[in-house]
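# Remarks on the overall topology
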Amino acid sequence: MNDRRWWLFPPIAWLSVFLALPVAVTASKAFSTAGLEALASPTTWRLVGVSTLVAAVTTVACLLAGYPVAWCISRMPERRRRWVLFLVVLPFWANLLVRTYALMTMLRPFGVLDTWFAAVFGLWHGWLPFMVLPLYNAIEKLPPRLAEAAADLGATPAQVFFKVVVPATMPGIVAGCVLVFIPVLGAFATPEMLGGAQAFMAGSRIQLAFLSGRNPEAGAAMTLVLTAITLLLLWGYRRVHRSEGLL
Amino acid sequence: MSRLATTWTLGVLVLLWVPIVLLAAFSFNEARFATTFTAFTLDWYVRLFEDRELRGILVNTVVIAGGSAVLSTVLGTMAAMGLRGTFVGKRVAAALVTLPVMIPDIVLAISLLVLFRAGGVPLSLGTALIAHTTFNLAYVAIVVAARAESLDPSLEAAAMDLGCTPTRAWFKVTLPALAPAIASGALLSFTLSFDDFVITYFTTGPGDGTLPVKIFSMVRHGISPKVHALATLILAGSVVLIVLARALAGAPKEART
Amino acid sequence: MSSRSRLSIVAKDVVRVIDGRRILDGVSLEIREGEFFSLLGPSGCGKTTLLRCIAGFDRPDGGTLELDGVDLARVPTHRRDLNMVFQSYALFPHLDVFENVAFGLRLAGSSSIPEKVREALDLVSLAGAERRKPATLSGGEQQRVALARAIVTRPKALLLDEPLGALDLKLRKGLQVELRRIQSMLGMTFLYVTHDQDEALSMSDRIAVMDGGKVRQIGTPDAVYRRPADEFVARFVGAVNIVDREGRRVVVRPESVRLTESSDIVGAVDSVSYFGARSLLRVAVGDATWLVELPGAVGRSVHAGARVALAVDWNEAWPLPEGAS
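So, here's what we can say about the structure.

The rules behind each value
- Residues numbered from 1 in each chain as written.
- Chains lettered and ligands numbered in written order.
- Predicted model: local features only at pLDDT ≥ 70, side-chain atom pairs only at ≥ 80, totals over all residues.
- Heavy atoms only, no water.
- Helix = DSSP H or I, 4+ residues; strand = E, 2+ residues; numbered from the N terminus.
- Buried < 20%, exposed > 50% of the residue type's maximum accessible area, 1.4 Å probe, protein only.
- Contact = heavy atoms within 4.5 Å.
- Areas by Shrake-Rupley, 256 points an atom, 1.4 Å probe, with all protein chains shown as cover.
- Lys, Arg positive; Asp, Glu negative; His and termini not counted.
- Charge placed at Lys NZ, Arg CZ, Asp CG, Glu CD.
- Axes fitted to C-alpha atoms, helices over the stretch in contact; angles between N-to-C directions.
- Parallel < 35°, antiparallel > 145°, perpendicular 65-115°, else oblique.
- Left-handed = near helix turned anticlockwise from the far one by under 90°.
- Nonpolar A, V, L, I, M, F, W, Y, C, P; charged D, E, K, R; others polar.
- Pairing = 2+ DSSP bridges.
- 1 Å grid on protein atoms, 1.4 Å probe; cavity = no way out; pocket = protein on both sides within 12 Å on 5 of 7 lines; lining within 4 Å.
- Points joined across faces, edges and corners; volume = space filled by probe spheres on them.

## A few points about the overall build of chain C
Scanning chain C from terminus to terminus reveals nine helices and 18 strands. Projected onto its principal axes, the C-alpha coordinates of chain C cover approximately 75 × 45 × 45 Å. The buried share of chain C, reckoned over its 325 residues, is 50%. Expressed as a percentage of contacts within chain C between residues at least 6 apart in sequence, the contacts between residues at least 24 apart total 65%. Accessible area for chain C stands at about 14900 Å²; split by element, carbon and sulfur atoms hold 48% of it. Side-chain charges of chain C comprise 43 positive and 42 negative groups, with the mean position of each set lying 4 Å from the other.

The structure is reproduced here in structure tokens:
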């Protein structure tokens, strides 16, 4: 088995050239004069702050909406559970752009299009399945009779939930939050289509910097900031969540 | 308590599905700017198929999705095989392999764009193909590695014991055992490619757009039943692909039709 | 001896119907304070359902349950001064051993928690494992933690739902002895559910044998084994010969039968199972098969096919009550 280690060479070479190298080149661009100027500018950091806030709000909204759903699914009889899980997961595979477009047509009559509300709603809608799946997996893995054991030892229903169920499913909660927060932080198509000019996030800034041809260094700087936040989160996540598999 | 959770779940499911169902329904609506359903028509689909440019875009989409599926399946399977067991540097290698799944799409897209520009490589279908292969590789590796983990490590040893060379043992024993996961990984990467917008948007050349990119630009000119029809078709296509992938992966524990 | 007569758990005519099936069909029990009481029966006999009703996880459809003279009908699970030990352990995976054991104490706002936890862990021989997580413990260790968690709050009674069912035979034997030791040290009422008659016989002060949602017999292990109330109890609790004698159905345990020179019971040895200390013979006598238990060495000298004569110690035989099924 161990003599198959060299099989790693082609994929690692590919990823070095088309992942590590481009990220490094982008980072070096960010450290140019124009890039450093952007990194020092309060506008950049205000945008990072706004994007972080939007990502945080979306993540919390997904968690609050998703936990009861995951809980409910895990309590269903086997056959129905498969179906409902399928219904939750299917939109996750359906094209995000198409779903965002669908939301556009749905929200337009209500006159809330081109607002922050529409943008966050769209992001919530788009990434909710990313939250429900890890939550469901964590709740499913709870040892049987856990809630009963807690009640038996004197915990009220609320205490059962907050002292046992939530802490015991914490790995799923953390995984779900990371899986929602990171992509939302860099989102740009969804907020642009639903939030219009109002919902201007880091992703839109990057897109503008590169595609208008003006100041790509500032875009690289913003990309670097997003990458740094992502790597920091992933590092923290790995420390909390020691897993056996690749993910 | 549990009834509350059930009602809540039902509400969330409705919110998830209403826009999709509405979209599909209005793609069969005769009226152009209606918010009510007037009459059933297939007209928008007919117009869609008559659109020559769109046919070219469909070809682009399939070429990128198919090409990157093949490349990423080979590379991803190799990565999954190479990562088996423990060795020095495994954490770094595993982190590199899974990174494309974890970083925001826009970071990968922009980084590649910067690289291509710095190297003077003009954007084209080829550059998009490279970008798609990079992120699909990670998904294939994860799917195949998950399956390889449940594989009995003494399988290959048994085959070699019976007289196979190590390479023959892999092709005769391991590959067939992993085939469903590999096929599922290939379909998954086809689907992800097919659906991708952000990465394609930044790494493809002008005129080499894919269907999602086309929708994005069509939306800028306003909502129309023709876009509804195109979106519905893309949706149906992804659903078929994903159901197929799940059936192949033989994941009986999770959702299956 | 006066405390022995105080009642701990009392069930009167408890009925539980699930999907039209009477899982509990009028069960009445009186468990005394400080008693090790077992509910013994095959799976599906209703023993676990009764336990869950007492714990408050399930509600009886009829009858009453009392703990120390208090009707439990309106007492929610978390207010019942009873703790349960589950077959599946049900340890909190996010908490270490110490915190698992301390869980009930913390909820009760108890004082001197570290001392109490240490004492409980000492009692189950797990001192030193305080900071380990449940996932790193063996099955036997996990069940010890579950036991410590349940006894540390000194509940009025402990409910044990096949707590040793998931463990292998050797571990089970050791823990049986330990459970009994802990129970008599604490003087706590134990209500123990099991389908293993050896376990029930060796550990209990009294046993209730259940079948089909009904209690078939309540008695000491000796009474249940040697003076079964009916054929079901006789057959469920150990190996048995049931023979007709003077118009009565009579229970003869295999150890009350021995080989002899000549008698009116003669047959051919069908098989010999050797267990070391003892041997079990199956002897075909006419249409019937007799089970005979012999000292191991004696059994080894007998071979299948041999013709043997059987002598029965009729003083040890027990006639089944007339009309019992």
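## Structural notes on the packing of helix α2 (residues 97–107) of chain C against helix α3 (residues 113–123) of chain C
Residue and element names in this part refer to chain C. Taken N-terminus to C-terminus, the directions of α2 and α3 make an angle of 120°; their axes are 10 Å apart at the nearest point. As far as their axial angle goes, α3 and α2 are oblique. The two elements α2 and α3 cross, and the hand of that crossing is right-handed. Residues Val97, Phe98, Val101, Ala102, Leu105 and Arg106 of α2 pack against Ile113, Pro114, Lys116, Val117, Ala120 and Leu121 of α3. Along the lines of polarity and charge, the residues of the contact of α2 with α3 split into ten nonpolar, no polar and two charged.

## Some details on the pairing of strand β1 (residues 7–18) of chain C
Residue and element names in this part refer to chain C. Alignment of β1 against strand β2 (residues 21–32), held across nine bridges, turns out to be antiparallel. If you follow arginine 16 over to β2, its bridge partner there is leucine 24. Linking β1 to β2, which pair antiparallel, is a turn of two residues; within it aspartate 19 sits at a positive phi near 50°. Strand direction decides the pairing type here: β1 and strand β4 (residues 62–67), joined by five bridges, are antiparallel. Directly across from valine 10, in β4, lies its bridge partner glutamate 66.

## Focus on empty space enclosed by the protein
The probe, sized like a water molecule, is rolled over the atoms to show the empty space still left. Residue and element names in this part refer to chain C. For the structure shown, the criterion picks out five cavities of 30 Å³ or more. If you add up the space inside the largest cavity, you get close to 60 Å³. Residue lining of the largest cavity: Val85, Gln143, Arg144, Leu147, Leu160, Pro163, Leu164, Leu175 and Leu179, and that is the complete set. Looking at the lining of the largest cavity, the elements with two or more residues in it are α4 (139–151) and α5 (169–186). No other element matches the three residues that α4 contributes to the lining of the largest cavity. Taken together, the residues of the lining of the largest cavity sort by class into seven nonpolar, one polar and one charged.

Nothing here speaks to function; it is all geometry.
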